[in-house]
Amino acid sequence: MASDELFVSGHRGCAGCGMATAVRMVLQEAGPNTIVANATGCLEVMTTGYPETAWKIPWIHAAFENAAAVASGVDVALKKLGKREGVNVLAFAGDGGTFDIGFQALSGMLERGHNITYVVFDNEAYMNTGIQRCSSTPPYASTTTSPAGRVIPGKQGKKKPISKIVAAHDIAYTATATIAHPKDLKTKIKKALESEGPSFVQIFSPCPTGWRFPSELSVKLSKMAVDTGIFVLWELEGGNFDNIRITYKPKERKPVEEYFKLQGRFRHLLKMPEKIAEIQREVDEKCAEFGF
Amino acid sequence: MRLTLTGNQANAWGVKLSRVQVVAAYPITPQTTIVEELAEFAANGQLDTQYIKVESEHSAMAACIAAENTGVRTYTASSSHGIALMHEMLHWAVGARLPIVMGAVNRAIGPPWNIWADHTDTISQRDTGWMQFYVESNQEVLDTIIQAYKVAESRDVLLPAMAIEDAFILSHTVERVEIPDQELVDEFLPPYNPPDYLNVDDPKGFGSLVMPDWYMEFRYIIARAQEAARKRIREVTKEYAEIFGRDYHGLVEEYRTEDADVVMVGAGTMVSTARDVIDKLRSEGHKIGLLKIRVFRPFPYEEFQDIAKRVDVIGVMDRSFTFGYGGAMFSEVKGAIYNTDARPKIKNYLIGIGGRDVTPKMLEDTFRNALRVKDHGLDREMMWVDLKGGE
């Protein structure tokens, strides 16, 4: 590991944690003049067991549902002190802290127009508390509060389209990224940081523990999510969806079943071809909307 | 300079004089006119502050915590349900050792829906570790904001503080208020100088996970800080009196307690009315006095242990009720005295709840009831004053 890393080894993240890789990439791009406001969750717990820390930049955690409000406070305080210039203020949160409980604070921050880059590490469930369903959990995924049972086959309802909702606030920059596309991820972080006003990057973050797959497959699963069209890589400046730019288009989309086969959370679906067909149909429709 | 101000305007003036650097607030009746006044100050360039109009009280306290942690003096104001929504972050401000000051305008908690004076909103934050100053006049509102910053920012304290005023009775009622000279305030309250803060030149982490091997020690040093605050409040109040000529007597203020057999205890605006009633009963020859709880946290237990030695009866008036036993102030007073040899009778009067006007007549009846305890003993521990239909 390079000596100029700002997110360093020795933390207690699981082997294969997609988020840990993503954080490292984000900070490589952001550099040392960066302050991170971190919502409660795996990232906070695994990196800061007192008196140790994996962070070589100033870092603040002040509860779960408010990373955007905490970052807002840092932003205005730096302004007041005349120290805002050249400093990146980042908010880091999981999908629970963003799609669900932190949604109101996020919307408020976007509306007020703070110059903050908000990064959501989306691992599609409440992993820190033990894999509970969230509004980011995809349909039929089995979690501890949406178990695949004899009557109900996993999570009911769709995945909340968080980045589209965020972009609808007409903010400076919105993008989606994965750790399997590092150049794309870093370019997007750079653009987000350079934007004047709020920016938002959703990073697809496979969780070996929660999704039940071998830890060496985190990158592969990120790639498969994009190659099936389940997760689309795009970016948008402003709030006009006609201007969405797809940053990576798979030449030939793979069937969603191939992605499901690699993960324990979808194992029950393999015996339910009608459910797989239903998801395939929805993914096809979504891709058509994006023009591929 | 003297101005005619409502309690809420006096609150905003206290903020302005304290040169607060970041304000984060959300409107709620009856606090609203504080945030309006601050917005006016900011819009007219009279207050050089970053003012975030957040989307909730929870975010207001979160933003204050983050800003204070970045090294600036912060302020918020709220009432009732707003304070309740902040509850999680009130704990956080204490654990993070941040000397934030909040203007708290006491209002009842629903249901039933009620926007009038009642101490339940702040009393129910007793265990968060915030210092609590209950005030009785618009002048005291202004003076307490300035004093609260001075106490809170002391290196041996570093705890947040609430300056607490009764809804409408102070918040929306005008009084003449002396505005201290800015120069004198600047001398009394130097700029905020935190020991640690978020700084890219010296990176530190705040809000880490702490395992059972150290958590208890972190709580212990907060307990110590509350003890240090007790001493600091007395010193700061005295210093303020010397410079500005208004003495609030530390944590409690005694009125005509010399030679008293019976002493009545209260907080907030009811004590102003109580002084007149004490005078009346004194003129009839009754040996009765008053003790105003100005600071409820840290709790002035030494002052109560002292008064307990001198009187036969203590009547504690609570403007809130802690369900399951009695008023919180009553319980604390009783608890403070138990391990001394003094054994005054202590009776709890629940009064003025939900904004019920605390009239001189009501207080006179209450005080006469306490005088009867002296002559006839304690009939019962608690009494709801002016309750329709009786108990």
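Predicted model only: the values in this text are computed from it and were never measured.

Novice: Explain the domain arrangement of chain B here, please?
Specialist: When the parts come together, some accessible area is lost, and that loss is often what is quoted as the size of the interface. Residues and elements named next belong to chain B. Per the domain assignment, the segments of chain B are domain 1 (2–244) and domain 2 (252–384). Domain 1 and domain 2 are separated by 28 Å when their C-alpha centres are compared. Domain 1 puts 29 residues into the contact, and the matching count from domain 2 is 30 residues. Overall, the association of domain 1 and domain 2 removes approximately 2,300 Å² of surface from exposure, summing both partners, and the carbon and sulfur fraction of that is 48%. On the domain 1 side of the interface with domain 2, the three residues burying the most area are Arg126, Glu136 and Arg230, jointly 29% of the side's total. Between the two partners, domain 1 and domain 2, sit eight salt bridges.

Novice: Can you walk me through the packing of helix α3 (residues 67–81) of chain A against helix α3 (residues 57–69) of chain B in this structure?
Specialist: Axes are the key here: two packed helices are described by the angle between their axes and the distance separating the axes. The contact between α3(A) and α3(B) brings their axes to 7 Å, and the two run at 45 degrees. In this view, α3(A) runs oblique relative to α3(B), as classed from their interaxial angle. Here α3(A) runs over α3(B); the crossing is right-handed. Contacts from A:Ala69, A:Val70, A:Gly73, A:Val74 and A:Ala77 of α3(A) reach α3(B) at B:Ser59, B:Ala62, B:Ala63, B:Ala66 and B:Ala67. Taken together, the residues of the contact of α3(A) with α3(B) break down into eight nonpolar, two polar and no charged.

Novice: Would you explain the interface of chain A and chain B in this entry?
Specialist: With 37 residues of chain A in contact, the opposing surface of chain B contributes 38 residues. At the boundary of chain A with chain B, the tally comes to two salt bridges. Two residues, A:Arg112 and B:Glu55, come together in a salt bridge whose shortest N-O distance is 3.0 Å. Looking at side-chain class alone, the side of chain A that touches chain B contains 19 nonpolar, eleven polar and seven charged residues. Bridging between strand β2 (residues 59–60) of chain A and strand β9 (residues 205–206) of chain B involves two bridges; their strand directions are parallel. Bridging from a neighbouring strand, A:Ile60 pairs with B:Phe206 of β9(B).

Novice: It is not clear to me how the side chain of A:Arg84 should be interpreted in this structure. Could you clarify?
Specialist: Residue and element names in this part refer to chain A. Mapped onto the elements of the fold, Arg84 is located in the loop between α3 and β3 (88–94). The class of Arg84 is buried, set by a relative accessible area of 14%. A polar contact is formed between the side chain of Arg84 and the side chain of Asp75, at a distance of 2.5 Å. Apart from residues no more than four positions distant in its own chain, Arg84 is found in contact with Asp75, Leu78, Lys79, Val89 and Asn115.

Criteria and thresholds
Residues numbered from 1 in each chain as written. Chains lettered and ligands numbered in written order. Predicted model: local features only at pLDDT ≥ 70, side-chain atom pairs only at ≥ 80, totals over all residues. Heavy atoms only, no water. Domains from an automatic or database assignment. Contact = heavy atoms within 4.5 Å. Buried area = accessible area lost by both parts, 1.4 Å probe. Salt bridge = Lys/Arg side-chain N within 4 Å of Asp/Glu carboxyl O. Axes fitted to C-alpha atoms, helices over the stretch in contact; angles between N-to-C directions. Helix = DSSP H or I, 4+ residues; strand = E, 2+ residues; numbered from the N terminus. Parallel < 35°, antiparallel > 145°, perpendicular 65-115°, else oblique. Left-handed = near helix turned anticlockwise from the far one by under 90°. Nonpolar A, V, L, I, M, F, W, Y, C, P; charged D, E, K, R; others polar. Pairing = 2+ DSSP bridges. Buried < 20%, exposed > 50% of the residue type's maximum accessible area, 1.4 Å probe, protein only. Polar contact = N/O pair within 3.5 Å; in protein donor to acceptor, adjacent residues only side chain to side chain.

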